[in-house]
Amino acid sequence: MNFLVCLKQVPDTETQIKVAPDGMSIVTDNIKWVMNPYDEYAVEEALRLKEKFGGDVTIIGVGPKRLTESIRTALAMGADKGILVDDPSVTGSDSLGTARVLAAVIKDLDYDIILCGKQGVDDDYGLVGSGLAELLDIPQISIVLKLEVSEDGSSVKAHREVEGGTLVIEASLPALITAQKGLNEPRYASLPGIMKAKKKPFDVKTLADLDLDASEVGESGAKIKIMQITPPKEREAGKIVEGETPQEKAANLARLLHEEAKLI
Amino acid sequence: MAQGIWIVAEHREGELRKISFELVSEGKRLADKMGQPVTAILLGSNIKEKASMLGKYGADKVIVADDNRLATYTTDAYVSVIAQLAQAHEPAIILLGASVQGKDLSGRLAARLGVGMAQDCVAVSLDNSNLVAERPIYAGKAYATVTFKDSSPQIATARPNVFELNEPDESRSVEITDAEFSLDDSQIKTKVVEFIQEARGKVDLTEAERIVSGGRGMKGPENYNVLEELADLIGATVGASRSAVDAGWRPHSDQVGQTGKVVSPNLYIACGISGAIQHLAGMSTSKYIVAINKDPDAPIFQKADYGVVGDLFDIVPALTEEIKKIL
Ligand SMILES: Cc1cc2nc3c(=O)[nH]c(=O)nc-3n(C[C@H](O)[C@H](O)[C@H](O)COP(=O)(O)OP(=O)(O)OC[C@H]3O[C@@H](n4cnc5c(N)ncnc54)[C@H](O)[C@@H]3O)c2cc1C
Ligand SMILES: Nc1ncnc2c1ncn2[C@@H]1O[C@H](COP(=O)(O)O)[C@@H](O)[C@H]1O
């Protein structure tokens, strides 16, 4: 079986986000870029499936050169091949534009399962996966906590997190899955893994290598336009509830919640 | 010309979910500004009797797609039907819930129609009948205002618990029509085989009005009963920090934060949680934040409306007793 993982890079979750002076973007100096946390679960799941069913794991990323590092990390974890689409004309793509680029790469590949993250923890869109599944005309199961592939490798059964419970969903393959935290515990890249990764196949493609019209991607193809980025409303530190004993503090807090906040 | 506002209603086990009424309420406010009607789209099986409820919250029309293959949500069937209806009726704007179902549906619907889509919005407005949406990015560490380009319909999902509900008007009547659509079994490639329910009656964190959350300061899974008691008393859902989840004390679905759930309750009580940036990202839009922590320098106090410095194992049970006296 063959597995594809779509992977993006995001600012480390520790990052304090600052709005750039143009008010349309964020300050990117000193940002530490990391593999999107949900994509780590996607990579790990693909590796586990490969260990069970055999085949190849290919990592695909659309983005600038720095994305190479995260793709290499996935190779060091055990993936077999990397593909990076690095082309200035794809910058500024919206989710559907990114999905188009991924679909153009994938349509020539042989695959059974495509794994994406639930969402990028940057723009928090969570749209590339479903867009890609639509363009490839395959079923999607999003926000997956548990994945079982049938013995004969023809179908999957996935546990999908929903409000108040879990849905168990079956789909025939090929299918696209988006990974939620809890799906697995991602492994770390080992030192021998890192050494081996350097020799693994790594393709860098541009738009010219893909059968894709430049007007469908990048800013020209985007249907969503950012007008403004603003910082969140600052929350002011409020009151420290007074009291000599825990009982007094608790009584004062209860009173504030009741009389001042009128919540109780 | 594309006209009118659509909202896609959501239901589970025969009951409309609250997000449906939030969508109708907001849809009505937008529609009034445009001088156009708001239409609710209701897909299901034997669901028609629920349509009038949507009218009470402000829907002018309800289009009902009734088919036993729509009884439970599947991406393929729902996207197919809604895309057909949208192509036939050409609404200007479609609003869906940023619920698990709404997010799954909207992404694929937008891709099928080839239009733009703004996910998880916390405010929507109009600029010359174009939708302007405000949405948190980086889990709320910043906000983006987005508009649409060459996109009709314009699709957005609304975060649950954020948009104000209209007062239901019992006397309001609504025009109910049957949808015309075709559905081919071969299009439906996924099958729901089971729904495993969590403890009955528990409100999901993303929809909860009140949350009592516990972190590493809880010291172990057995101590969460202290929080459960308070939560039961005030009708709250229990949440957790990632540390508590990763320690195996609480299930993943309880995690609040940048890689967990982003929540907006009226009241968020953080117990034994330090206030790491990833946790704050997930709960800073709560109306009131209460922090109970024994470390007076814990960063959570910088965000809390009410901070209590002390041992949670003393404070929380005492708080439960004090609230009992008030209720
Ligand atoms: C990629 C990534 C993503 C992350 N995503 C999230 C996320 O989504 N959500 C999240 O929560 N974290 C997330 N984290 C983890 C985050 O950085 C913190 O490690 C975590 O939030 C800390 O949890 P905590 O506050 O429970 O524990 P700690 O930071 O250890 O704080 C425990 C607090 O309990 C207090 N305490 C101890 N005993 C008592 C007592 N008896 N009474 C009162 N107070 C007491 C202490 O004073 C302390 O302030 C993420 C981290 C990474 C790297
Ligand atoms: N530029 C990209 N290159 C490769 N995969 C991507 C890219 N953007 C998004 N994805 C995939 O789609 C998922 C959801 O991202 P998003 O829709 O941006 O929130 C990510 O977790 C990745 O798996």
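Preceding this section is the structure that the text describes.
Residues numbered from 1 in each chain as written. Chains lettered and ligands numbered in written order. Predicted model: local features only at pLDDT ≥ 70, side-chain atom pairs only at ≥ 80, totals over all residues. Heavy atoms only, no water.

Undergrad: Account for the packing of aromatic side chains, with residues named and values stated.
TA: Scanning the entire structure with this criterion turns up four aromatic pairs over all chains. Their ring planes at 25° and their centres at 4.3 Å tell us that F21 of chain B and Y57 of chain B sit as a pair that is stacked. In this pair, F21 of chain B is assigned in helix α1 (residues 18–34) and Y57 of chain B in the loop between α2 (51–56) and β5 (61–66), connecting sequence segments 36 residues apart. The residues F21 of chain B and Y57 of chain B share a single accessibility class, namely buried. Here the basic side chain of R66 of chain A rests over the ring of W33 of chain A, its NZ or CZ set 3.6 Å away from the ring centre. Between R135 of chain B and the ring centre of Y125 of chain A, over which it is positioned, the NZ or CZ distance is 3.8 Å. (Phe/Tyr/Trp six-rings, centres within 6.5 Å; stacked < 30°, edge-to-face > 60°. Helix = DSSP H or I, 4+ residues; strand = E, 2+ residues; numbered from the N terminus. Buried < 20%, exposed > 50% of the residue type's maximum accessible area, 1.4 Å probe, protein only. Lys NZ or Arg CZ within 6 Å of the ring centre and 35° of its normal.)

Undergrad: I'd like a rundown of the site of ligand 2, residues and numbers included.
TA: All names here are of chain A. Neighbouring ligand 2 are 18 residues; C6, D39, V62, G120 and G126 lie closest to it. Separating an oxygen atom of ligand 2 from a backbone N or O atom of G117 is a distance of 2.9 Å. At 2.9 Å, a backbone N or O of V128 approaches an oxygen atom of ligand 2. Isolated, ligand 2 exposes 480 Å² of accessible area, and the fraction of that covered by the protein chains is 95%. Mapped onto the shell around ligand 2, the elements with two or more residues apiece are β4 (56–62), α3 (95–106) and β6 (113–117). Ranked by residues supplied to the shell around ligand 2, first place goes to β4 with three residues. (Near = heavy atom within 4 Å. Polar contact = N/O pair within 3.5 Å; in protein donor to acceptor, adjacent residues only side chain to side chain. Areas by Shrake-Rupley, 256 points an atom, 1.4 Å probe, with all protein chains shown as cover.)

Undergrad: Can you lay out the interface of chain B and chain A for me, pointing to particular residues and giving the numbers?
TA: By a frequent convention, interface size equals the accessible area lost on bringing the separate parts together. Contacts between the two partners involve 91 residues from chain B, matched on the other side by 83 residues from chain A. Regarding the contact of chain B and chain A, the summed buried area is about 7400 Å², with carbon and sulfur atoms giving 56% of it. Of all residues in chain B, R108, Y138 and Y306 of chain B bury the most surface against chain A, accounting for 10% of the area lost on that side. Measuring nitrogen to oxygen at the nearest pair gives 3.9 Å for the salt bridge that ties E234 of chain A to K303 of chain B. Counting residues per element, the side of chain B that touches chain A draws most heavily on helix α4 (residues 100–113) of chain B, at nine residues. (Contact = heavy atoms within 4.5 Å. Buried area = accessible area lost by both parts, 1.4 Å probe. Salt bridge = Lys/Arg side-chain N within 4 Å of Asp/Glu carboxyl O.)

Undergrad: Can you lay out the sheet that holds strand β9 (residues 130–137) of chain B for me, pointing to particular residues and giving the numbers?
TA: Spatial ordering of the open sheet is given by β12(A)-β10(B)-β9(B)-β8(B), a layout of four strands whose pairing is antiparallel. Strands at the two margins of the open sheet, each flanked by one partner only, are β12 (224–230) of chain A together with β8 (123–127) of chain B. Strand-to-strand twist in this sheet, taken as the mean axis angle between neighbours without regard to direction, amounts to 30°. Bridge count between β12 of chain A and strand β10 (residues 142–148) of chain B: six bridges; the pairing is antiparallel. Bridge pairing in β10 of chain B places I226 of chain A opposite V146 of chain B. Lying on the sheet, α1 of chain B is in contact with β8 and β9 of chain B; it crosses β8 of chain B at an angle near 10°. (Pairing = 2+ DSSP bridges. Axes fitted to C-alpha atoms, helices over the stretch in contact; angles between N-to-C directions.)

Spatial relationships are all this shows, so hold off on functional conclusions.
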